[in-house]
Amino acid sequence: MKSSARRMQPIVAAKALKRLIANPDNTEEVFAIIRAMSGDSLFKTYKRFQSTETGKKVLDEKRELLETLQDKKRLAQFSAGSLGHAYLSFVRAEKITAEGLVEASEENVPAELENQPEEVVAFGKRMRDQHDLWHVLTGYGRDTFGEVCLLAFTYAQTRNRGLGLIAIVGAFRQYRELGSGVFKAFFVAYTAGKRAAWLPQQDWEAMLKDPINEVRQQLNIPRPKVYQRILENFALANA
């Protein structure tokens, strides 16, 4: 099978990082950094996924995780306290619609998936589509600070240097607003990602019915106490 064989481009990333620092709202530079520094990390992650029992099953069945996560009627049938119910509550609270998921699926295809075999593309999309499940399980919100912490967790799981660099940049930006506790939360998230079970290989379709606390215990995912405490303190200070 053909590998992406994409080399990292640190000079390109450095220039994009300089532009991002000069204009933090320019999100295009974020994607430029990720593209420049990701290298072949996705392909390596795919090879590991492909070697697992669940990975082989998912690929053989040509599953589309997005289809499962779009089915709100089915998600609503899961009992309160289940992963599926918690996910549904999350997307409703965050106003994440099925249409939005489809749009994201069509528009945000990673550059490293270009000219890759069908199985690699399917895996790349599955990785992208399980992102919000990781939010639900880890307890990191979709606020900027939560995304930074989840990126640190994700880097520990995938070793995607592009994501790791963006996470570090994000941590420094959050430090200006939330203080030095950000770095502790960042390290805690990274450590949690290292200690947790490998999330890319999980059978999410089967686990949606399971109690979320049992899933967290099974996957060794702790509650993000430092992150939550920093947000609570910030809210009190600015009330």
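As shown above, the structure is provided for reference.
Treat the numbers as computed from the prediction; the structure is a model and nothing was measured.

Enquirer: I keep staring at the side chain of Thr154 and nothing clicks. Help me out?
Expert: If you trace the backbone, Thr154 turns up in helix α11 (residues 144-158). Taking the relative accessible area as the measure of exposure, Thr154 reaches 9% and is therefore buried. Contact partners of Thr154, with chain neighbours within four places excluded, come to Trp134, Arg159 and Leu163.

Enquirer: For this particular structure, what's the right way to read the packing of helix α12 (residues 161-178) against helix α13 (residues 181-195)?
Expert: Each pair of packed helices gets described by two things: the angle between the helix axes and the distance between those axes. Where α12 contacts α13, the two axes come as close as 8 Å, and the packing angle between them is 145 degrees. For the pair α12 and α13, the crossing hand works out as right-handed. Contacts from Ala167, Ile168, Ala171, Phe172, Gln174, Tyr175 and Leu178 of α12 reach α13 at Val182, Phe183 and Phe186. Broken down by class, the residue content of the contact of α12 with α13 amounts to nine nonpolar, one polar and no charged.

Enquirer: Looking at this model, I keep getting lost on a positive patch on the surface. Mind explaining?
Expert: There is a patch of like positive charges on the surface, built from Arg159, Arg161, Lys194 and Arg195. Along the chain, Arg161 turns up in helix α12. Taking the relative accessible area as the measure of exposure, Arg161 reaches 46% and is therefore partly exposed.

Enquirer: Looking at this structure, how should I read the nonpolar core?
Expert: As a rule of thumb, nonpolar side chains are buried together in soluble globular proteins. Among the nonpolar cores identified, the biggest contains 56 residues, and Leu83, Leu133, Trp134, Leu137, Phe145, Trp204 and Leu219 are the most heavily contacted of them. The residues contacting Trp204, other than those within four sequence positions of it, are Leu65, Leu83, Arg126, Gln130, Leu133, Trp134, Leu137, Leu199 and Leu219.

Cut-offs and rules
Residues numbered from 1 in each chain as written. Predicted model: local features only at pLDDT ≥ 70, side-chain atom pairs only at ≥ 80, totals over all residues. Heavy atoms only, no water. Helix = DSSP H or I, 4+ residues; strand = E, 2+ residues; numbered from the N terminus. Buried < 20%, exposed > 50% of the residue type's maximum accessible area, 1.4 Å probe, protein only. Contact = heavy atoms within 4.5 Å. Axes fitted to C-alpha atoms, helices over the stretch in contact; angles between N-to-C directions. Left-handed = near helix turned anticlockwise from the far one by under 90°. Nonpolar A, V, L, I, M, F, W, Y, C, P; charged D, E, K, R; others polar. Patch = residues over 30% accessible without salt bridge, like charges linked within 9 Å, V, L, I, M, F, W, Y side chains within 5 Å. Areas by Shrake-Rupley, 256 points an atom, 1.4 Å probe, with all protein chains shown as cover. Salt bridge = Lys/Arg side-chain N within 4 Å of Asp/Glu carboxyl O. Lys, Arg positive; Asp, Glu negative; His and termini not counted. Charge placed at Lys NZ, Arg CZ, Asp CG, Glu CD. Core = buried A, V, L, I, M, F, W, Y, C linked by side-chain atoms within 4.5 Å.

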